Amino acid sequence: MCRASLPFSATWKLYLERNSRCNVFRRIGTAGSTWWSPQCAAVRQGIVDMMHRALREPEVKSVVICGQDGKFCGGADIREFGAKMSGPPLVPMIHMIEAAAKPVVAAIEGVALGGGLELALSCHYRIAHSKARLGLPEVTLGLLPGAGGTQRLPRLIGVPAALELITTGRHVTAAEALQLGIVDEVTDQNAVDAAVKFAQSVEGKSLDARRIGTFPCPRPPDLDAVFEKVMKEVRRSARGAIAPVTCVQAVHAAVTLPYAKGMERERELFSTLFTSGQARALQYYFFAQRAVSRWSTPSGARWDTSKPRPVRKAAVIGLGTMGRGISVSLAQAGFSVVAVETQEKQLLEAKQAVSGMLERDAKRRGAPLAHGNIKYSCSLKAAADVDLVIEAVFEDMALKKAIFRQLSAICKPGTFLCSNTSALDIDELASQTQSPELVVGMHFFAPAHVMKLLEVVYGPRSSPEAVATAMQMGKKIGKVSVAVGNCRGFVGNRMLKPYLEQAFFLLEEGATPEQVDQVLEEFGFPMGVFKVSDLSGLDVGWKVRKADGLVVPDSTGKSARIQGGRRYSPLGDLLCEQGRFGQKTGRGWYQYDKPGGRVAKSDPWLHRFLEEYRARHGLVARRIDQQEVLERCLYALINEGFQILQDGIAAGPEDIDVIYVLGYGWPRHRGGPMFFADMVGLDKVLDRLERYHQLHPDVPGLKPCSLLRKLAAGGCPPIHRWREVIQKPHSQL
Ligand SMILES: CCCCCC/C=C/CC(=O)SCCNC(=O)CCNC(=O)[C@H](O)C(C)(C)COP(=O)(O)OP(=O)(O)OC[C@H]1O[C@@H](n2cnc3c(N)ncnc32)[C@H](O)[C@@H]1OP(=O)(O)O
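Remember, predicted model here, so these are calculated numbers, not experimental data. (Residues numbered from 1 in each chain as written. Predicted model: local features only at pLDDT ≥ 70, side-chain atom pairs only at ≥ 80, totals over all residues. Heavy atoms only, no water.)

Observations regarding the overall build of the chain
Item 1. Broken down by element type, the chain carries 28 helices and 19 strands.
Item 2. The C-alpha radius of gyration of the chain comes to 29 Å, within 12% of the 27 Å expected for a compact globule of 733 residues.
Item 3. Along the first, second and third principal axes, the C-alpha set of the chain runs to 100 × 60 × 55 Å.
Item 4. Within the chain, the fraction of its 733 residues that count as buried is 56%.
Item 5. Sequence separation of 24 or more characterises 72% of the internal contacts of the chain that already satisfy a separation of 6 or more. (Helix = DSSP H or I, 4+ residues; strand = E, 2+ residues; numbered from the N terminus. Rg over C-alpha atoms; globule rule 2.2 N^0.38 Å. Buried < 20%, exposed > 50% of the residue type's maximum accessible area, 1.4 Å probe, protein only. Contact = heavy atoms within 4.5 Å.)

Shown next as structure tokens:
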């Protein structure tokens, strides 16, 4: 089967030059798809057979390998990794190509990624189209380039550049590939024609200096120091991911071992990664990120049946931190933006800040400045003729409602009205407007021009067209958009609540912020929960809790630890009462050298405060081990994830996992919270939650959700089968 419509599934053609004088080429082999599938075996078989013929037939003087439909090769078909490999193995095939006595030229159009680039590196010459992209992205899938990539690339472009490309998986443009020395020529014309011409020009020339496997690997004079430094940096940024570290080991082998031994080492290291849970998690995540674009809602609205409306001009209302970031994102993507802030002074400040952000970004990306795309105004009336509005004012329902009422009167009919609220009821906002079907949430994450995630929140009255338009708009501004239902906190912030709650309870029971944070950081989060709270500001949650009536003393005048029959920890409120709002005040769960300081230091005051708090409430501190910290925080969060699936707020586990990886720092190599639950075992998660709930019956967040029970009772089906078990509730959408 030919899957030529998929960019990764390049179909191979092998052109052999029959007669260089009259420039006639005969297509002698075509096979579909990628390395691992049956078709892929056919591809390799095709290449091996044709190479044998090309080498045998005296009239053939050179060979050009190219893809079909303008794509060289995106590498292996990830879905086939589990299958048994058949057909000729890849590594002997690339050795055969490299050893060929006639010149073999790779004509690279579209992409040459992973195994695709490794094949190209085995050719004697590489000619790329100017729009092609090349890279070894295996590390992002939990692997390393296992067909000689870690041995050939450092020989070709040097150790530092190869390490950078292999440990990050970064794709490079053809121009950069030329500069690095990965390709020999770049053309704006037809790359296959150019490669054929090139092949003719090198016929009969010696290939001794063209076989990368025979090159000595450049050896930095201070080899040990170089690798030690790189390893330290890679370990730090990998946050527990094993593939980047293993990639460094493989490149080290290229420098320290002869080629054949280096290849053996590459294979051994590849095998350890190939069967690892991290590779499974990263490959799951690869597809999850693509699956979220195929959104659906409980009422049956879907990505493929709902048409978005074109948006050319958009307004952003409120130019605080979020509004500024959103304006920058829209302007950079070419939208015409009206940025509104009602106070003149704030408008001026925002204008300066936005201009600075646009300038820095243009410089970083080498892109043109997008200043001209933004007009500033103090009046909501400036939004009269826009196609879509994103309201990003302070998180206050009364204020937002007033704005939605005004917008509904001011904007032309059909304008979509969106809110960047992170938790408030979208339907309540919609009820203020004449056309509630045009209202959806567009929840950005700070900093909005950097973070890739967008939660698109549909209310019960949002039209499929409004959801589709917001989803498409997200895509246009480079976000990964996930459609979610309307409830307090939507998906991300709703799951955060039980997680935070557990962290507070653990402090009450004897843990310290340092201990909890260390466990979470060792798990792979860039920052523990208390450091994140200090960064975002403790006062934000305090205001919400006050508005919810939670910040009240009990009958003895102490802060209440039970609210509505549920356990409640007032620790965060008590810190705020002391003016400790986190980094901004220089004090929070940690201390900082000054207000706005970034480096968290342990604070003896906080430890004394916790001891006094426990004494006041008759709590006896106990030793809490790492496992309990991790399980209580993560399983409470995961349990809420199951509840969200059960309530139909997220359509599938992939939506939750993408939100957590992109929005909340969940380590990618652990796939996301729902994938992690699947890896741990649903029965084990259930068992531990039951145990913790028995010990803490006044914490509803620890009571296992019925969907989790159902899945466990059903034999713990793998994650890709959960959707079959999730019952879709009825909705009016
Ligand atoms: C000793 C043993 C030696 C073994 C050595 C051989 C091993 C080789 C390892 C590899 O080659 S690993 C694979 C390396 N390649 C990649 O990681 C490429 C991943 N894909 C991409 O970067 C992009 O998809 C693309 C190719 C640049 C195209 O991007 P575009 O934005 O145009 O399209 P997408 O939406 O991303 O993808 C379209 C469609 O295709 C599916 N897909 C893409 N790549 C793969 C793949 N490698 N395997 C399977 N499926 C792939 C993607 O999921 C989309 O389909 P969907 O149905 O919408 O999900």
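Remarks on the nonpolar core
Item 1. Counting residues in hydrophobic clusters, the biggest one holds 102 residues, and the most contacted among them are Val-516, Trp-589 and Phe-642.
Item 2. The biggest single contributor to this core is helix 23 (residues 626-646), with ten residues.
Item 3. By size, the runner-up hydrophobic cluster in this structure holds 66 residues, among which are Ile-47, Ile-65, Cys-73 and Val-245. (Core = buried A, V, L, I, M, F, W, Y, C linked by side-chain atoms within 4.5 Å.)

Some words on the pattern of salt bridges
Item 1. Tallied over the entire structure, the rule returns 38 salt bridges.
Item 2. Here Glu-164 ties to Arg-170 by a salt bridge, and the two come within 3.0 Å at their closest N and O atoms.
Item 3. Exposure remark for Arg-170: the relative accessible area of 31% places this residue in the partly exposed category.
Item 4. Of the charged contacts, one joins Arg-632 and Glu-509 as a salt bridge, the two residues approaching to 2.8 Å between their closest N and O atoms. With Arg-632 in helix 23 and Glu-509 in helix 17 (residues 492-509), this pair connects stretches of sequence that are 123 residues apart. (Salt bridge = Lys/Arg side-chain N within 4 Å of Asp/Glu carboxyl O.)

Side note on the site of the ligand
Item 1. Near the ligand you find 26 residues, and of these Gly-74, Ala-76, Ile-78, Gly-115 and Arg-290 are the closest.
Item 2. Gly-74 places a polar main-chain atom, nitrogen or oxygen, 2.7 Å from a nitrogen atom of the ligand.
Item 3. With respect to the ligand, the side chain of Arg-290 contributes an N or O atom lying 2.8 Å from an oxygen atom.
Item 4. In the complex, the protein chains occlude 78% of the 1100 Å² of accessible area that the ligand would expose alone.
Item 5. Of the residues belonging to the shell around the ligand, the class tally is 14 nonpolar, six polar and six charged. (Near = heavy atom within 4 Å. Polar contact = N/O pair within 3.5 Å; in protein donor to acceptor, adjacent residues only side chain to side chain. Areas by Shrake-Rupley, 256 points an atom, 1.4 Å probe, with all protein chains shown as cover. Nonpolar A, V, L, I, M, F, W, Y, C, P; charged D, E, K, R; others polar.)

Focus: the packing of helix 24 (residues 653-664) against helix 25 (residues 673-680)
Item 1. Between helix 24 and helix 25, whose axes approach to 7 Å, the crossing angle comes to 115°. When the axis of helix 24 is compared with that of helix 25, the two are roughly perpendicular. Of helix 25, the residues touching helix 24 (which contributes Pro-653, Ile-656, Asp-657 and Tyr-660) are Pro-673, Met-674 and Phe-675.
Item 2. Counted by class, the contact of helix 24 with helix 25 contains six nonpolar, no polar and one charged residues. (Axes fitted to C-alpha atoms, helices over the stretch in contact; angles between N-to-C directions. Parallel < 35°, antiparallel > 145°, perpendicular 65-115°, else oblique.)

Details of the UniProt feature "domain: 3-hydroxyacyl-CoA dehydrogenase NAD binding" (unreviewed entry) in the chain
Item 1. The UniProt record annotates "domain: 3-hydroxyacyl-CoA dehydrogenase NAD binding" (unreviewed entry) at residues 313-486.
Item 2. Secondary structure across residues 313-486 comprises 38% helix and 23% strand; the distance between its end C-alpha atoms is 26 Å. (UniProt positions renumbered as here; feature names shortened; annotations may be inferred.)

Some details on the pairing of strand 3 (residues 63-66)
Item 1. Taking every second residue as pointing to the same face, both faces of strand 3 are buried, with Val-63 and Ile-65 on one and Val-64 and Cys-66 on the other.
Item 2. Across four bridges, the pairing between strand 3 and strand 4 (residues 104-108) is parallel. Within strand 4, the residue paired with Val-64 across the bridge is Val-105.
Item 3. Assessed by its sense of winding, the connection that carries the chain from strand 3 through helix 2 (residues 90-99) to strand 4 is right-handed. (Pairing = 2+ DSSP bridges. Right-handed = clockwise from strand over helix to strand, strands pointing away.)

Quick word on the domain arrangement of the chain
Item 1. Domain annotation for the chain reports domain 1 (11-268), domain 2 (313-490), domain 3 (511-616) and domain 4 (626-648 + 651-725).
Item 2. Placing the centre of domain 1 and that of domain 2 at their C-alpha centroids yields a distance of 45 Å. (Domains from an automatic or database assignment.)

Some remarks on the sheet that holds strand 7 (residues 133-135)
The strands that make up a sheet pair up through hydrogen bonds in the backbone, lying either parallel or antiparallel.
Item 1. Sheet architecture is open: three strands sit in the order 5-7-8, paired in mixed fashion. Pairing within the sheet leaves two strands with one partner each, and these edge strands are strand 5 (111-113) and strand 8 (172-173).
Item 2. In terms of strand pairing, strand 5 meets strand 7 through three bridges, oriented parallel. Bridge pairing links Ala-112 to Leu-134 in strand 7.
Item 3. Sheet strands in contact with helix 3 (residues 115-122) are strand 5 and strand 7, and its direction is about 95° off that of strand 5.

With respect to unusual backbone geometry
Item 1. Ala-446 connects to Pro-447 through a cis peptide bond whose omega is -10°.
Item 2. With respect to the element layout, Pro-447 can be found in the loop between strand 15 (439-444) and strand 16 (453-458).
Item 3. For Arg-239, which is not glycine, the phi dihedral falls at a positive 45°.
Item 4. Counting through the fold element by element, Arg-239 comes out in the loop between helix 8 (223-238) and helix 9 (242-256).
Item 5. The class for Arg-239 is partly exposed, based on a relative accessible area of 33%.

Quick notes on the packing of aromatic side chains
What characterises a pair of aromatic rings is the spacing of the ring centres plus the angle enclosed by the ring planes.
Item 1. All chains considered together, the criterion is met by 19 aromatic pairs.
Item 2. The interplanar angle of 80° and the centroid separation of 5.5 Å between the aromatic rings of Phe-445 and Tyr-664 together place this pair among those described as edge-to-face. One end of the pair, Phe-445, is in the loop between strand 15 and strand 16; the other, Tyr-664, is in helix 24, with 219 residues separating them in the sequence.
Item 3. The class for Phe-445 is buried, based on a relative accessible area of 8%.
Item 4. Seen in terms of ring centroids, Trp-542 and Phe-581 are 6.1 Å apart; in terms of plane orientation they differ by 50°. Their pairing is tilted. Here Trp-542, found in helix 20 (residues 538-547), pairs with Phe-581, found in the loop between helix 21 (571-577) and helix 22 (604-616); they are 39 residues apart in sequence, far enough to count as distant.
Item 5. Among the aromatic residues, those joined into a ring-pair cluster are Tyr-499, Phe-523, Phe-525, Trp-666 and Phe-676. (Phe/Tyr/Trp six-rings, centres within 6.5 Å; stacked < 30°, edge-to-face > 60°.)

Quick word on the sheet that holds strand 12 (residues 374-377)
Item 1. Across the sheet, eight strands lie side by side as 12-11-10-13-14-15-16-17; this open sheet has mixed pairing. Because the sheet does not close on itself, it has two edges, and the strands there are strand 12 and strand 17 (480-485). Neighbour-to-neighbour, the strand axes of this sheet turn through a mean angle of 25°, independent of strand direction.
Item 2. Bridge analysis of strand 14 (residues 416-419) against strand 15 gives three bridges, and the strand direction is parallel.

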